[in-house]
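Coordinate inspection notes
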Amino acid sequence: QVQLVESGGGLVQAGGPLRLSCAASGRTFSRYVMGWFRQAPGKGREFVAGISWSGGSTKYADSVKGRFTISRENAKNTVYLQMNSLKPEDTAVYYCAADRGVVVTTPYEYDYWGQGTQVTVSS
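Residues numbered from 1 in each chain as written. Predicted model: local features only at pLDDT ≥ 70, side-chain atom pairs only at ≥ 80, totals over all residues. Heavy atoms only, no water.

Moving on: the pattern of salt bridges. Per the counting criterion, the structure on display carries five salt bridges. The salt bridge involving Arg38 is made with Glu46; its shortest N-O contact spans 2.6 Å. Residue Glu46 is classed as partly exposed on the basis of its relative accessible area, which comes to 36%. Ionic pairing is found between Asp90 and Arg38, a salt bridge with its closest N-O pair at 2.9 Å. Taken together, the residues Asp90 in the loop between β8 (78–83) and β9 (92–99) and Arg38 in strand β4 (residues 33–39) connect sequence positions 52 residues apart. Classification of Arg38 as buried rests on a relative accessible area of 5%. (Salt bridge = Lys/Arg side-chain N within 4 Å of Asp/Glu carboxyl O. Buried < 20%, exposed > 50% of the residue type's maximum accessible area, 1.4 Å probe, protein only. Helix = DSSP H or I, 4+ residues; strand = E, 2+ residues; numbered from the N terminus.)

Shown next as structure tokens:
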């Protein structure tokens, strides 16, 4: 069982940065692939970024490549999403999720989810 708690969301101007954190409970955090997803009003949940259990492999949605960076600190049971050059279209609730397989982009593959944190980018 893994419990996930996101933090770091807020209101930011377009072009600015924001860093999200996701703290996980449990002693087996390092065995999980971690992903970040987002959901804007009226839209489905979409993949943003994923990272392997070791941190050696990452995957990004085309819409965020070059702007967002996912990383993890297994010693702190935490995964991060550094978001730079934010755009109004990045506005959404951001969720972290944990999966025991490989990095995948489909939400239903992930077993555990946080409650989400709101990110709002003003133009």
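A few words on the packing of aromatic side chains. In this description, a pair of aromatic rings is defined by centroid distance and the angle of the planes. Tallied over the full model, the rule gives six aromatic pairs. Relative to Trp113, the ring of Phe37 lies with its centre 5.0 Å away and its plane at 55°, an arrangement referred to as tilted. You can see Phe37 sitting in strand β4 and its partner Trp113 sitting in strand β10 (residues 112–113), a full 76 residues away along the chain. Judged by its relative accessible area of 0%, Phe37 is buried. Taken together, the ring pairs connect Phe37, Phe47, Tyr95, Tyr110 and Trp113 into an aromatic cluster. In this structure, Arg45 packs its charged tip against the face of Tyr95, placed 3.8 Å from the ring centre. Note that Arg45 overlies the ring of Trp113, its terminal NZ or CZ placed 4.8 Å from the centroid. (Phe/Tyr/Trp six-rings, centres within 6.5 Å; stacked < 30°, edge-to-face > 60°. Lys NZ or Arg CZ within 6 Å of the ring centre and 35° of its normal.)

This part is about the pairing of β9. Within β9, seven of the eight residues are buried, leaving the element largely enclosed by the surrounding structure. Note: β4 against β9, seven bridges, orientation antiparallel. Looking at the pairing, Val33 lines up with Asp99 of β9. Where β9 and strand β11 (residues 117–122) come together, three bridges link them in antiparallel fashion. Looking at the pairing, Tyr94 lines up with Thr117 of β11. (Pairing = 2+ DSSP bridges.)

Everything listed here is a matter of coordinates, which is why it stays silent on function.
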